[in-house]
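# A look at the structure
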Amino acid sequence: MEIPTKYNASNVETKWYEYWMEHNYFHSTPDEREPYTIVIPPPNVTGVLHMGHMLNNTIQDVLVRRARLQGKNACWVPGTDHASIATEAKVVAKLKDQGIDKNDLTRDEFLSHAWDWTNEYGGVILEQLKKLGCSCDWDRTKFTMDDDMSEAVIKVFVDLFNKGLIYRGYRMVNWDPEAKTTLSDEEVIHVERTDKLYYINYQIEGENNFVTIATTRPETILGDTAVCINPNDERFIALKGKKVIVPICNRVIPIIEDDYVDVEFGTGCLKVTPAHDINDKEIGDRHQLEVIDILNEDATLNSYGLHHQGKDRVVARKDVAKELDELGVLVKTEELIHKVGTSERTKAVIEPRLSDQWFLNMKDLVKPAIKAVLEDEDVKLFPKRFNNTYRHWMENIRDWNISRQLLWGQQIPAYFYGDGKDDFVVAESKDDALMLAKEKSGNSNLTLNDLTQDKDALDTWFSSWLWPMSVFDGIRNPENEEIKYYYPTNDLVTGPDILFFWVARMIIAGYEYKDEKPFSNVYLTGLVRDKQRRKMSKSLGNSPDALKLIEDYGADGVRVGLLLSSAAGNDLMFEEDLCQQGKAFANKIWNAFRLVQGWEIADIEQPESSHIALKWYEAKFQNALAEIEDHFSKFRLSDALMTMYKLVWDDFASWLLEIVKPAYQQPIDRTTYNKIITIFENNLKILHPFMPFLTEEIWQYVSERTPEEALIVAKYPIIEGYDTQLISDFETVKDVVSGIRTIRKEKNISFKDTIELSVLNNENLSSTFDAVISKLGNISSMSSVTETVEGALTFRVQSNEYFIPISGAINVEEEIEKLSQELKYTEGFLKSVQGKLSNERFVNNAPEQVVASEKKKEADAMAKIDTLKSSLASLK
RNA sequence: GGGCAAUUAGCUCAGUUGGUUCAGAGCACUUGGUUUACACCCAAGGGGUCAGGGGUUCGAAUCCCUUAUUGCCCACCA
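Residues numbered from 1 in each chain as written. Chains lettered and ligands numbered in written order. Predicted model: local features only at pLDDT ≥ 70, side-chain atom pairs only at ≥ 80, totals over all residues. Heavy atoms only, no water.

Quick look at the overall build of chain A now. Along its length, chain A carries 26 helices and 31 strands. Relative to all contacts within chain A whose residues are 6 or more apart in sequence, the contacts with residues 24 or more apart total 77%. Split by element, the accessible area of chain A, about 39900 Å² in all, is 47% carbon and sulfur. Distance between charge centroids for chain A: 3 Å, based on 102 positive and 141 negative side chains. (Helix = DSSP H or I, 4+ residues; strand = E, 2+ residues; numbered from the N terminus. Contact = heavy atoms within 4.5 Å. Areas by Shrake-Rupley, 256 points an atom, 1.4 Å probe, with all protein chains shown as cover. Lys, Arg positive; Asp, Glu negative; His and termini not counted. Charge placed at Lys NZ, Arg CZ, Asp CG, Glu CD.)

See below:
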């Protein structure tokens, strides 16, 4: 087969992806082989591919492809997440564009719009992953709202409810006024802001005196039901038992005493608004205060806002402040830097709000999950430092608010049959619910029509925490073959930002429902940032178009570029140059193959240089293979890739191929050729996980292959012992060749001109590699001498001195200068080594081998000084 | 406010239990190179008080203390 001169990435990529799909190589079914399983972190169903996904999924694909080559039954389960808040927001926005208000739609109407949207945009991201080369088992593609997935979610909810772990509570929750739903604590991001701190006077009832309180939210005074002081605060003894009048609404409220108040902060007087602050709520509970909620669900003021009713809280804040000023009770304002809770999704400022929500009691559920990670290391986090973060969160975990005031998601399976607080039952179906309701209420006349299902949906994470189990139907059918075979999965690759949202909860769910970990290793990737360390985002416009990158550099180039500098847990500073480097590497491999492929083979004798070089490379390959293995065991993918990069580019292309390369238009011997082909194939095997397309393409050019012989399912090279001496000897050879090249460059001797080389051998270096040195140095004759050669250019490698005689062109002054410099350096070195050796404490305390090595250094240095001195003498 | 981590060449990072191969890699840079796989290339080369200070040790990038800077996580101070 004639190979094209240029590697055409996009044609090749399409061809092989289709080929792999056609032959079902991504598909896995349980068999007798060892399974290797990864479940994808399901991207948002309506999302598009960004750099984070690229990195994340490249890593997963590398792991999966490698496992496949190693003979494991590799299964990578893809899918998408319904992402309730994000998706619902998008659908609401789209409806709004069409002039439709969500509130005018019935539940079913809205859901039908949402499904339309999902079907239209959903899965785009999965198609993009294919472009990247991801070898997911697409037959297994799952969506968190598939019927079976939803069933599992409901089943788990009912089960946890029946275990007494899920309860309904009227609590202070985080309210996102934009999405109009509650959020879990984890979904609240605290952002530092500068706000105004308002000092406001409240008149003491029946006196012409005032107390001053400080607040950042003056509009909430309309919900005040007390003013609180610290009982030990001597300044306010006179206030005890009195009442104050809230400005604007003129409500009379008591002055209460509570230790919570910090004497140092603000004025030492705290206004208490139980409906709008978690601490105030607690104080309120302790003192049986009235709760006055002044906000609507969209954070506009309700009737308690009086003449400010209907205004947004932010507007109301200014207006109330203005009114207070006009009333003469606004004492002053100050700038205050503090943290404000915002919604992770909508960025809206969170309002603490009291409402009925569903909670999951986490206290006991987390116990096995803590043990698994921190004690038993059944689940390992990479990098390990995340153990600390994990511990802190798990040990301080609070109950999980799992209800969301959204339609898009699994509807909470609670059915109300009366108006009472506890007049509800929880069941997997409405029929079951009716039965339970009849029982619980004692009213056997209840009908399905009397039941009203809770209108809220469950938190998205309440479905995704089951993902590693539910994709194998492990919740509904715990004993099925698939879950037994694939679970627990092996590795999970995701970002540290969802360590709590998702990773920790999967571990919790795994132990609760399978009594086993969901995965053994968690590889936490870093964020992809731009060169200025800014997070890549749409709004900054600094995120490159992922598909454009693939077009420009090829999928392999992008994959290599992404992995070149991305240690686990470290952010990746991305720039296109990296992809360029990846593409250049692909080009290098391509051209190396073109060279080999162009050789004419003849049955001639194998040159000595080729023989020894091949032996060396085989050792070097094994050495690299062991290193790569070690890197993979520690999830150091960048290092593994770099090892291959250097192996293939430097050792294989620059050294080995240059050595075995026949002279122009000369044939190569068959023995060498066959070995080179085998070596090339092994190179392709180890590179394949990183560069699947290029390697598969070349693989097919190397020799005709049946589909069963495709590279994607080839056998990974086996680690064997290797000759380390050969490797270190060759390092010396490289130094000698470099020495020759340096002299050629310094003296402007063209590589085409042959030169002679003499060696003054003080070290009995093996002459095995002489043929290699001759070839790479273009040496006409090589000889060993016992004395310094006069009138020659020299260089030294270890304690050997090399001479290149050259007629008349020696600049004696220059040579003397050069040798003197080297002598001076070596003498200095010797002095420091001898200093060490004459230190008794060093000789007595240091391990034997360290002392021995110092002695060898001393001997080498002395030998070198001798040769330098005699060379200098002969020059003079 | 509490905790965790980082700081090594212009950039991105390795450097495992202190000691042979400890000051490294890739990129970038400088210089030279065009008939014979690749200029997306080849060859040679320059470049670092290992953030600052102190300590332990025969010996410290590595262990301890301290200062500074940066990043991340957690936390209800109005």
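RNA strand B sits among 58 residues. The nearest are A214, D262, W649, Y664 and K745. By atom count, sugar and phosphate contribute 61% of the portion of RNA strand B lying within 4 Å of the protein. The biggest single contributor to the surface near RNA strand B is helix α17 (residues 576–597), with 10 residues. The class makeup of the residues in the surface near RNA strand B is 20 nonpolar, 20 polar and 18 charged. (Near = heavy atom within 4 Å. Nonpolar A, V, L, I, M, F, W, Y, C, P; charged D, E, K, R; others polar.)

Here we come to helix α3 (residues 84–97). The terminal C-alpha atoms of α3, which comprises 14 residues, lie 20 Å apart, in line with the 20 Å expected from a rise of 1.5 Å per residue. Elements in contact with the buried residues of α3: α4 (107–121), β6 (181–183) and β21 (457–458). Positive phi shows up at G99, right after α3, with a value of about 75°. (Expected span 1.5 Å × (residues − 1).)

Attention shifts here to the packing of aromatic side chains. Under the definition given, this model contains 39 aromatic pairs. Aromatic side chains F730 and F769 sit 5.4 Å apart centroid to centroid with 70° between the ring planes, which places their arrangement in the edge-to-face category. Taken as a pair, F730 in helix α22 (residues 724–746) and F769 in the loop between β28 (755–760) and α23 (770–777) lie far apart in primary sequence, 39 residues in all. F730 sits in the buried class, given a relative accessible area of 0%. (Phe/Tyr/Trp six-rings, centres within 6.5 Å; stacked < 30°, edge-to-face > 60°. Buried < 20%, exposed > 50% of the residue type's maximum accessible area, 1.4 Å probe, protein only.)

As summarised here, the arrangement of the 4 strands in space is β29-β28-β31-β30, forming an open sheet in which the pairing is mixed. A single partner strand is all that each edge strand has here, and the edge strands are β29 (779–785) and β30 (792–797). Neighbour to neighbour, the strand axes of the sheet diverge by 25° on average, direction disregarded. As judged from the 6 bridges shared by β28 and β29, these two strands associate in the parallel manner. Along β29, the bridge assignment pairs V759 with S784. (Pairing = 2+ DSSP bridges. Axes fitted to C-alpha atoms, helices over the stretch in contact; angles between N-to-C directions.)

All right, on to the sheet that holds strand β14 (residues 351–360) then. Working definition: the strands of a sheet are paired by backbone hydrogen bonds and lie parallel or antiparallel to each other. Pairing is antiparallel across the open sheet formed by 4 strands, whose spatial order is β6-β5-β14-β16. Each edge of the open sheet carries a strand with a single partner, namely β6 and β16 (400–401). Of the strand pairs in this sheet, strand β5 (residues 166–176) and β14 are connected by 10 bridges, and their pairing is antiparallel. The residue of β14 that forms the bridge with Y170 is D356.

In terms of residue burial, strand β22 (residues 489–494) counts as a mostly covered element, since 5 of its 6 residues are buried. Alignment of β22 against strand β23 (residues 519–524), held across 5 bridges, turns out to be parallel. When the bridges of β23 are listed, L492 appears paired with V522. Taking the sense of rotation as the criterion, the β-α-β connection linking β22, helix α15 (residues 499–513) and β23 turns out right-handed. (Right-handed = clockwise from strand over helix to strand, strands pointing away.)

So, on to unusual backbone geometry. The step from F382 to P383 runs through a cis peptide bond, and the omega angle for that step is -5°. Looking at the element boundaries, P383 is found in the loop between β15 (380–382) and α10 (386–395). For N250, which is not a glycine, the phi torsion comes out positive at approximately 55°. Relative to the helices and strands, N250 resides in the loop between β10 (243–245) and β11 (252–257). Take N250: its relative accessible area is 55%, and that puts it in the exposed class. A positive phi angle, near 55°, is found at E377, a position not held by glycine. Along the chain, E377 turns up in the loop between α9 (366–375) and β15.

A few words now on a positive patch on the surface. There is a patch of like positive charges on the surface, built from K90, R345, K347, K535 and K538. Topologically, K535 is positioned in the loop between β24 (528–529) and α16 (546–563). (Patch = residues over 30% accessible without salt bridge, like charges linked within 9 Å, V, L, I, M, F, W, Y side chains within 5 Å. Salt bridge = Lys/Arg side-chain N within 4 Å of Asp/Glu carboxyl O.)

The next point concerns the environment of P41. Among the secondary structure elements, P41 is positioned in the loop between β1 (35–39) and α2 (51–69). Under the relative-accessibility criterion, P41 is labelled buried at 15%. Sequence-wise, P41 and F842 are 801 residues apart; in three dimensions their C-alpha atoms are separated by 55 Å. Setting aside residues up to four positions removed in sequence, P41 forms contacts with N56, Q60, V493, T494 and W502.

What the rule picks out here adds up to 46 salt bridges. Here D137 and R140 are joined by a salt bridge, their closest N and O atoms 2.9 Å apart. For the pair D137 and R140, a shared accessibility class is recorded, and that class is buried.

This part takes up the side chain of R313. If you trace the backbone, R313 turns up in helix α8 (residues 313–326). Among the polar contacts listed, one links the side chain of R313 to the side chain of E351, at a separation of 2.8 Å. Not counting the four nearest positions on each side in its chain, R313 is found in contact with P177, E219, L295, A299, L301, V349, I350 and E351. (Polar contact = N/O pair within 3.5 Å; in protein donor to acceptor, adjacent residues only side chain to side chain.)

Okay, the pairing of strand β2 (residues 73–77) next. Most of β2 is tucked away: 5 of the 5 residues are buried. Here β2 shows two buried faces, one formed by N73, C75 and V77 and the other by A74 and W76. Bridge count between β1 and β2: 5 bridges; the pairing is parallel. In the strand pairing of β2, Y36 is matched with A74.

The next subject is the side chain of N56. Within the secondary structure, N56 is located in helix α2. Setting aside its immediate chain neighbours within four residues, N56 contacts P41, V493, T494, G495 and T525.

It is worth spelling out the confidence of the model for chain A at this point. Summarising the model, chain A shows a mean pLDDT of 90, and 98% of its residues fall at 70 or more. Confidence estimates for the predicted assembly give a pTM of 0.93 and an ipTM of 0.94. (pLDDT = per-residue confidence, 0-100.)

A word on the nonpolar core. Side chains that are nonpolar tend, in soluble globular proteins, to be buried together. With 194 residues, the main nonpolar core has L360, F462, W465 and L656 as its most contacted residues. Take this core: its biggest share by element is 13 residues, from helix α19 (residues 637–660). Discounting residues that sit within four places of it in the chain, F462 has contacts with V153, V156, F157, L160, I166, L360, W400 and I402. In this structure, Y198, Y202, I229 and A316 belong to the second largest nonpolar core, which totals 28 residues. (Core = buried A, V, L, I, M, F, W, Y, C linked by side-chain atoms within 4.5 Å.)

Remark: α19 packs on α23, axes separated minimally by 10 Å, with the N-to-C direction vectors making an angle of 95°. As the angle between them shows, α19 and α23 are arranged roughly perpendicular. Between α19, through W655, E658, I659 and V660, and α23, the contact on the second element is made entirely by V772, K775 and L776. By residue class, the composition of the contact of α19 with α23 is 5 nonpolar, no polar and 2 charged. (Parallel < 35°, antiparallel > 145°, perpendicular 65-115°, else oblique.)

A separate point is helix α5 (residues 124–132). Residues separated by three or four positions in an α-helix point in the same direction, a consequence of the helix having 3.6 residues per turn. Every buried residue of α5 is listed here: I125, L126, Q128, L129 and L132. Angularly, the buried residues of α5 cover 155° about the axis, an arc narrow enough to put them on a single face. The elements touched by buried residues of α5 are α2, β3 (79–80), α16 and α21 (692–702). A positive phi of about 100° marks G133, the residue just after α5. (Arc of directions from axis to C-beta.)

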